[in-house]
Amino acid sequence: MSILIDSVRISGFRGIENFEISLSRVTVLIGINNSGKTSVLKAMQLALGDYSRYLSEGDFHIDADEQRAQKILIDIRIVPVDEKGERKQSFDEEWVIEFEDKIRAEANGNQYLAFRTECKTDSIKGGFETLRYTLEKWPDKATWQTEKQKLNKLNSRFFSIPFISIEAQRDIHQELKDKSSFVGKVLASVEYNSADIRELESLIKKVNEEAVSKSNELQGLKTHLETLNQSFQGSGTAEITPFPKKIRDLSKNFSIHFGETSGNSFSMEYHGMGTRSWASMLTVKAFADLMVAKHAKEVKPFFPIIATEEPEAHLHPNAQKIIYHQLAQSKGQVIMSTHSPYLAAMAAQTELRYLKKISTGIVAQRLNINDDEDRRRIQREVIHSRGEILFSRALVLCEGETEEQALPLLFNKYFGNASFVLGFSFIGVGGSGKKYQPFLTFARDFSIPVFVFSDGEEKTTRDLKKIYSEVFGETDITKSPNITILDGTDFEEYLISSGYKSCIEDAITQLDGASAISDWISKKHGTSEGRSRMDSPPCATCKQPIYADVLRDYKSAVGYDKALIDILDSGKTRFAPVIAEKLCEIELGKLPLKVVDLFKKIKAGAEI
């Protein structure tokens, strides 16, 4: 691979006031809409590509005081890397020759090349002026915009590091008509030697003659057209060529057909936008590979930067996964912005960059996990299984199925909007303790607000405190503005003891019939619900603890409530959605207090 753009800084461009991002060989930009993904790509195109010709006043950042930035700054650092993409100390000889005296070194001897692109209004000529300079040093992050240092003017951008942009709106059918498109550039580079040209044009001539000879209509047209020789004193002749006569004209009628078999293919104009968009991206890969091969032949260094917006557009999930692999295998460096959980799940965790707007601007964050097992859990339980939370505004974690079903519906009732409309994801983690860990770690590293609605049993709260403190630092979870804990019970018991027993009863009878509760009590009362260790001394013979059956008692003061809990435990998957529906029938002012407490914390912490 030999080189890598490992760091980019941007100031004064669109919604970006001051921003830094680290890049890997393949980088996948994720985040909700308007988080800055497209702006990052366009800023890089301004520094490395041809975006300066499109630059407008609207590209200059406007701050909170409605003041427009006087200039745009983009700093890029290029470092040498080995075949595994790991940074090494020195550039290869080919890049030393290419970069010449622009290479600098850190105190430890590690080489790099850093350059700045500066755009500002041209007060003399009008429009905008774009200047590029190499930097004598890579400044500290805190002072990079203002630190004084020697700037050495560059006369042009680095053509050995081209920026190849694949736009979000792409269509191979339209691009076939555009000579400046990537497929047009590939066609323009087609070359044949003289002998091949003569042979091919001879074949084309025979095909044209055969096509005309077999068509009465074309022969008649040729006869009529030859009467033009009357205007040329009998010296003219008409020639009809259904197919291009000259090899140089092939691109004018070039077309692409695709189908399940060669005999059953159709022109691209008859395919859907998914196929046309996908084909467009593949022509970019073809162009990049062509340029790499040409530079290799001339023994010149070449490292393309391929940037694509929403490569998943119009593609079904499996195709989105395939397109990730195809793009990731491209030569050079690849940067993708995506809203697809399927594509993001294909990326390595080290490739993900989460862009987010905060009060001071836009930040780029990455997962910071060193333990292999923790990484696997994040991949398996969060990114692969819950990929939609990559694009969430906030997370709400709970333990059981009933909460996972009920809380989003109650959220809608309380806030007047569905949770997904406001960007909230409700997640049942499937238990307590370590079950929370991958989600909390994910939320911490990507700075996504996370709220917890926890059962209140002693062991459950003890385990939650341990895990939460491991992730976020020592925390008193009983006073946390992000955590709501039930009073010594689980959610179903809380509902029963807090005046919502009728919701449970109605859910059971709706699913299992009016006599379901009484039938359960009649059938199960007095039966064993398991064995429990006795408080008595151990067995005198074997010295082992003594266990005895625990019998169900539905006739005591709390027996009826116990029966309701046991019924729910027998089939929470069935009962949870119906309980959720029954809770939503309650008046807004009479919702469970702990649920209201959670929503108040969400309102304050997530600024709804």
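Residues numbered from 1 in each chain as written. Predicted model: local features only at pLDDT ≥ 70, side-chain atom pairs only at ≥ 80, totals over all residues. Heavy atoms only, no water.

Student: How would you sum up the side chain of T460? Please name residues and give values.
Tutor: With respect to the helices, strands and loops of the structure, T460 is situated in helix α13 (residues 458-472). Here T460 falls in the buried class, since its relative accessible area comes to 11%. When near neighbours in sequence (up to four residues on either side) are disregarded, T460 contacts E399, S432, S454 and D455. (Helix = DSSP H or I, 4+ residues; strand = E, 2+ residues; numbered from the N terminus. Buried < 20%, exposed > 50% of the residue type's maximum accessible area, 1.4 Å probe, protein only. Contact = heavy atoms within 4.5 Å.)

Student: Report on the state of the cysteines, specifying residues and quantitative values.
Tutor: Inspection of the entire model under this criterion finds zero disulfides. We note that C398 lacks a disulfide partner, and the nearest cysteine sulfur, in C584, lies 14 Å from it. You can call C398 buried: its relative accessible area is 0%. With no disulfide partner, C503 has as its closest neighbouring cysteine sulfur the one in C584, 9.6 Å distant. (Disulfide = S-S within 2.5 Å.)

Student: Which residues make up the packing of helix α17 (residues 559-569) against helix α18 (residues 572-584), and what values go with them?
Tutor: With their axes 7 Å apart at the nearest point, α17 and α18 run at an angle of 110° to one another. As judged from the angle between their axes, α17 and α18 are roughly perpendicular. Contacts between α17 and α18 pair I567, L568 and D569 from the former with K572, F575 and I579 from the latter. Of the residues belonging to the contact of α17 with α18, the class tally is four nonpolar, no polar and two charged. (Axes fitted to C-alpha atoms, helices over the stretch in contact; angles between N-to-C directions. Parallel < 35°, antiparallel > 145°, perpendicular 65-115°, else oblique. Nonpolar A, V, L, I, M, F, W, Y, C, P; charged D, E, K, R; others polar.)

Student: Give me the sheet that holds strand β14 (residues 352-358): which residues, what numbers.
Tutor: The strand order β9-β12-β13-β3-β14-β15 describes an open sheet built from six strands, whose pairing is mixed. At either end of the open sheet lies a strand with only one pairing partner, and these are β9 (163-166) and β15 (361-365). On average, adjacent strands in this sheet sit at an angle of 20° to one another, irrespective of strand direction. Judged from the five bridges that link them, β14 and β15 form a sheet pairing that is antiparallel. By the bridge assignment, L355 is partnered in β15 with A364. In this fold helix α7 (residues 273-297) packs onto β9 and β12 (305-309), with an angle of close to 165° to the strand it touches most, β9. (Pairing = 2+ DSSP bridges.)

Student: Account for unusual backbone geometry, naming residues and giving values.
Tutor: Not every positive phi belongs to a glycine, and E100 is a case in point at roughly 55°. Mapping E100 onto the fold places it in the loop between α2 (93-99) and β5 (104-105). With phi around 70°, H314 is a residue other than glycine that occupies positive phi space. Relative to the helices and strands, H314 resides in the loop between β12 and α8 (317-328). For H314, a relative accessible area of 53% gives the class exposed.

Student: Talk me through the pattern of salt bridges; I want residue IDs and the actual numbers.
Tutor: By the definition in use, this model includes 35 salt bridges. Of the charged contacts in the structure, one is a salt bridge between E118 and K120, with a shortest N-O distance of 3.5 Å. Residue classification places E118 among the buried positions, given a relative accessible area of 11%. Look at the salt bridges and you will find they share partners, linking E373, R376, R377, R380 and E381 into a network. (Salt bridge = Lys/Arg side-chain N within 4 Å of Asp/Glu carboxyl O.)

Student: An account of the sheet that holds strand β16 (residues 394-398) is requested, with residue identities and associated values reported.
Tutor: Working definition: the strands of a sheet are paired by backbone hydrogen bonds and lie parallel or antiparallel to each other. Here four strands make up an open sheet; going across it, the order is β17-β16-β18-β19 and the pairing parallel. Sheet topology places β17 (424-428) and β19 (483-485) at the edges, where each strand pairs with a single neighbour. Geometrically, the sheet is characterised by an average inter-axis angle of 15° between neighbouring strands, direction not taken into account. Relative to β19, strand β18 (residues 450-454) runs parallel, the two sharing three bridges. Each residue of the ladder has a partner; that of V452, found in β19, is I483. In the packing of helix α11 (residues 401-415) onto the sheet, contacts are made with β16, β17 and β18, and the angle to β17 comes to roughly 160°. Contacting β18 and β19, α13 runs over the sheet at an angle of about 165° to β18.

Any functional reading would require information that these geometric values do not contain.
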